[in-house]
Amino acid sequence: MSSSLIDVHAHLLPDFYVQQATAAGHAHPDGMGGWPTWSVQAHLDLMDRNGIEKAMLSMSSPGVHFGDDKAARLLARRVNEYTAELARDHLGRFGTFGSLPLPDVDGALEEIAFSFDELGADGVALLTHTHGVYLGDQRLDPVFAELDRRRAVVFLHPTSPACWEQSALGRPRPMVEYIFDTARTVTDLVMAGVLTRHPNMRVIVPHCGGAIPVLADRINEFMSLFLHARQPSGPDAVQQLRGLYYDMAGTAFPRQVPALLKLVDPDRVLFGSDYCWTPAQLADAHIAAIDAAEPPARDTTWRSLTTANAKRLFPRTTR
């Protein structure tokens, strides 16, 4: 392999979390048949087989908040301590994105401080919404102000939309609902002015941006029509979207990455496997497709490009 990979979209799934989530009613998370299996060794095997140098671990949907603030705080703390211990035990192989007990803002602020100051987290992971509170909601502004102050990496991850009972039509929500909930919350961040008020955050959008690349001009047009009078001098929607990072998790080729590159420059693209929610065999196939795809530029590969981008984003942990 020409270059190692840095995986910014990788999930852990410890047994204690699965048990608590299942007890909270998530036996079939997001409409899937059940929980995938995960172990540290299986994850390392996948990484070694595919030349993945380091994986930045995060919790996927349904997150840590199942309706009770106190329980969510405790679960977030347990998940974050477990992930940090895993990174210490396998030095250099794993990075960490802290989980936050949103929409509990006070609990989230406490966990941001603990994750960065005590555990040395590389960033935080935020679901597209928690209990219907999308990321442009003004109640979350103290959280974004603190993340901006810390110049934090903020990894977004989709979950079932607030209206999934009607919109999913009985099908697994990760298929298309995840893609549109990603577009929904990123649009909310743009329209609510979160990104312009907090420009020091480095935001990673998953799955090649979901539906964002093909909606960017439409979003921009609506923003100029409805918000221009209030934001005459700020960056427009397309400029804001071009300033985000985007991972390649999922079916990046043959269609999603070419669409993404119509919106952003190649220096904004990162590699993601989505393991363990993407089964190992399928993750292998996705990586093979990336390796077989036409390089983004002469004298480079998707591996070398995305790894260089990740090392700029995480200079402390990818030296």
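Every value quoted in this text rests on a predicted model; they were computed, and no experiment measured them.

## Here we look at the sheet that holds strand β8 (residues 202-205)
Taken in spatial order, the eight strands line up as β1-β2-β3-β4-β7-β8-β9-β10 in an open sheet, and their pairing is parallel. Because the sheet does not close on itself, it has two edges, and the strands there are β1 (5-11) and β10 (269-270).

## A few points about the packing of aromatic side chains
Across all of its chains, the model carries seven aromatic pairs by this definition. Note on W35 and W277: the rings are 5.6 Å apart at their centroids and 55 degrees apart in plane angle, and the pair reads as tilted. Taken together, the residues W35 in the loop between α1 (15-23) and α2 (40-50) and W277 in the loop between β10 and α12 (280-292) connect sequence positions 242 residues apart. When sorted by exposure, W35 lands in the same class as W277, which is buried. In textbook terms, an aromatic cluster arises when at least three aromatic residues are bridged by ring pairs, as seen for Y17, W35, F66 and W277.

## A look at α1
The set of residues buried in α1 consists of F16, Y17, V18 and A21. Among the structural elements, α3 (69-89) are those in contact with the buried residues of α1. Count one or two residues on from α1 and you reach G25, which has phi positive near 105 degrees.

## Quick look at the environment of H131
Within the secondary structure, H131 sits in the loop between β5 (129-130) and β6 (133-134). Sequence spacing of H131 and M32 is 99 residues, and the spatial spacing of their C-alpha atoms is 19 Å. Those residues in contact with H131 that lie beyond four places of it in its chain are H65, F66, G67 and P103. Within the structure, the side chain of H131 is placed 3.0 Å from the backbone oxygen of H65, a separation counted as a polar contact.

## Topic: the pattern of salt bridges
Once the charged atoms of two side chains with opposite charge are near each other, the side chains can pair. Tallied over the full model, the rule gives 14 salt bridges. A salt bridge links R73 to D104, with the shortest nitrogen-to-oxygen separation between them at 2.6 Å. Of the two residues, R73 sits in helix α3 while D104 sits in the loop between β3 (94-99) and α4 (105-118), which places them 31 residues apart along the sequence. Close ionic contact of R184 with D181 constitutes a salt bridge, the shortest N to O distance being 2.6 Å. Taken together, the residues R184 and D181, both in helix α7 (residues 173-191) and three residues apart, mark about one turn of the helix. Residues joined by salt bridges that share partners form a network here, namely R73, R77, D104, E110 and E111.

## Regarding unusual backbone geometry
Among all residues except glycine, the phi angle is most often negative; among peptide bonds, the trans geometry is most common. Residues F253 and P254 are joined by a peptide bond in cis, for which omega reads 15 degrees. With a phi close to 50 degrees, R151 is a non-glycine residue in the positive phi region. Among the structural elements, R151 can be located in the loop between α5 (141-149) and β7 (153-157). Located in the positive-phi region is H207, a residue other than glycine, with phi close to 55 degrees. Mapped onto the fold, H207 is located in the loop between β8 and α9 (212-227). The class for H207 is buried, based on a relative accessible area of 7%.

## Concerning helix α13 (residues 302-313)
What sets the pattern is the α-helix's 3.6 residues per turn: residues three or four places apart point alike. Compared with an ideal rise of 1.5 Å per residue, which puts 12 residues at 16 Å, α13 spans 16 Å between its outermost C-alpha atoms and is within 8% of the ideal. Residues W302, R303, L305, T306, T307, N309, A310 and L313 constitute the buried set of α13.

## Considerations on the packing of α1 against α3
When two helices pack together, you describe them by how their axes are tilted relative to each other and by the distance separating the axes. Running from N to C, α1 and α3 point in directions that differ by 160 degrees, and their axes come no closer than 10 Å. Regarding the angle of α1 to α3, the classification is roughly antiparallel. Judged by the twist between their axes, the crossing of α1 over α3 is left-handed. Residue-level inspection shows F16, Y17 and Q20 of α1 in contact with α3, the latter providing A71, L75, R78, V79 and Y82.

Conventions and cut-offs
- Residues numbered from 1 in each chain as written.
- Predicted model: local features only at pLDDT ≥ 70, side-chain atom pairs only at ≥ 80, totals over all residues.
- Heavy atoms only, no water.
- Pairing = 2+ DSSP bridges.
- Helix = DSSP H or I, 4+ residues; strand = E, 2+ residues; numbered from the N terminus.
- Phe/Tyr/Trp six-rings, centres within 6.5 Å; stacked < 30°, edge-to-face > 60°.
- Buried < 20%, exposed > 50% of the residue type's maximum accessible area, 1.4 Å probe, protein only.
- Contact = heavy atoms within 4.5 Å.
- Polar contact = N/O pair within 3.5 Å; in protein donor to acceptor, adjacent residues only side chain to side chain.
- Salt bridge = Lys/Arg side-chain N within 4 Å of Asp/Glu carboxyl O.
- Expected span 1.5 Å × (residues − 1).
- Axes fitted to C-alpha atoms, helices over the stretch in contact; angles between N-to-C directions.
- Parallel < 35°, antiparallel > 145°, perpendicular 65-115°, else oblique.
- Left-handed = near helix turned anticlockwise from the far one by under 90°.

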